[in-house]
Amino acid sequence: MLDREILERLFRQNYSGMIRLASVLLGNDKEAEDVVQDVFERLMRPESTASITNGYLMTAVHHGCLNVIRKKKLQEQVSNFYPVEMEEEINPISRQLDQLAEIQHCIDKMEEPCHSILRMRFDDELTIREIAEHTKLSIGTVHKYLHQGIQQIKLHLNQERL
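The shown structure was predicted, so the numbers you read here are calculated from the model rather than taken from an experiment.

A. Structural context of the environment of V36. Here V36 shows up in helix α2 (residues 29-44). Residues in contact with V36, not counting those within four places in the same chain, are Y15, M18, I19, A22 and V61.

B. Examining the packing of helix α1 (residues 4-26) against α2 more closely. Between α1 and α2, the least distance of the axes is 8 Å, while the angle of their chain directions is 145°. The interaxial crossing formed by α1 with α2 has right-handed handedness. On α2, the residues touching L7, L10, F11, Y15, M18, I19, A22, S23 and L26 of α1 are D29, E31, A32, E33, V35, V36, V39, F40, L43 and M44. Residues of the contact of α1 with α2, tallied by class, amount to 15 nonpolar, one polar and three charged.

C. Structural detail: the packing of aromatic side chains. Tallying each qualifying case throughout the model produces two aromatic pairs. With a centroid separation of 4.7 Å and an interplanar angle of 35°, the aromatic rings of F11 and Y15 are classed as tilted. Of this pair, F11 and Y15 both sit in helix α1, four residues apart, which is roughly one turn of that helix. Judged by its relative accessible area of 37%, F11 is partly exposed. We classify Y15 as partly exposed; its relative accessible area is 24%. With a centroid separation of 5.1 Å and an interplanar angle of 70°, the aromatic rings of F11 and F40 are classed as edge-to-face. Taken together, the residues F11 in helix α1 and F40 in helix α2 connect sequence positions 29 residues apart. Ring pairs connect the aromatic residues F11, Y15 and F40, which therefore count as one cluster. Its end group placed over the ring of Y145, K144 keeps NZ or CZ at 4.8 Å from the ring centre.

Quick notes on the rules
- Residues numbered from 1 in each chain as written.
- Predicted model: local features only at pLDDT ≥ 70, side-chain atom pairs only at ≥ 80, totals over all residues.
- Heavy atoms only, no water.
- Helix = DSSP H or I, 4+ residues; strand = E, 2+ residues; numbered from the N terminus.
- Contact = heavy atoms within 4.5 Å.
- Axes fitted to C-alpha atoms, helices over the stretch in contact; angles between N-to-C directions.
- Left-handed = near helix turned anticlockwise from the far one by under 90°.
- Nonpolar A, V, L, I, M, F, W, Y, C, P; charged D, E, K, R; others polar.
- Phe/Tyr/Trp six-rings, centres within 6.5 Å; stacked < 30°, edge-to-face > 60°.
- Buried < 20%, exposed > 50% of the residue type's maximum accessible area, 1.4 Å probe, protein only.
- Lys NZ or Arg CZ within 6 Å of the ring centre and 35° of its normal.

Put into structure tokens, the structure is as follows:
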């Protein structure tokens, strides 16, 4: 830990230059003050053995600013990767399970061949071609029944919401 008098002298002599550097790098006075305060806070720790020069202080501010910038970029990447809808809350798992059960019930009530084709596609995870071979229907017909079944599910779910 540095002697308190030395630390105060360094603070008075270098604070304004350190703030200017951090403000230019970050573009935010509040964040600049936080970075500079962190530098001096680290110098006050008992384990601090740094030999302090003006260059050391400016380098410490520069590195602190780079850390803030990296953290902002990471937060931005995460928020872009996982966008959160502001107007609607994310459905809790129990509601999603209820919706899944409702979809299963809707499929169970469908007439053939929609019922079987939807089950093969989504439960058995068969491809359109595999379903066509299994049912002896054309690929176009399988598409048609899948589309009809999905439309029936959408209609049913929209009626449930009303």
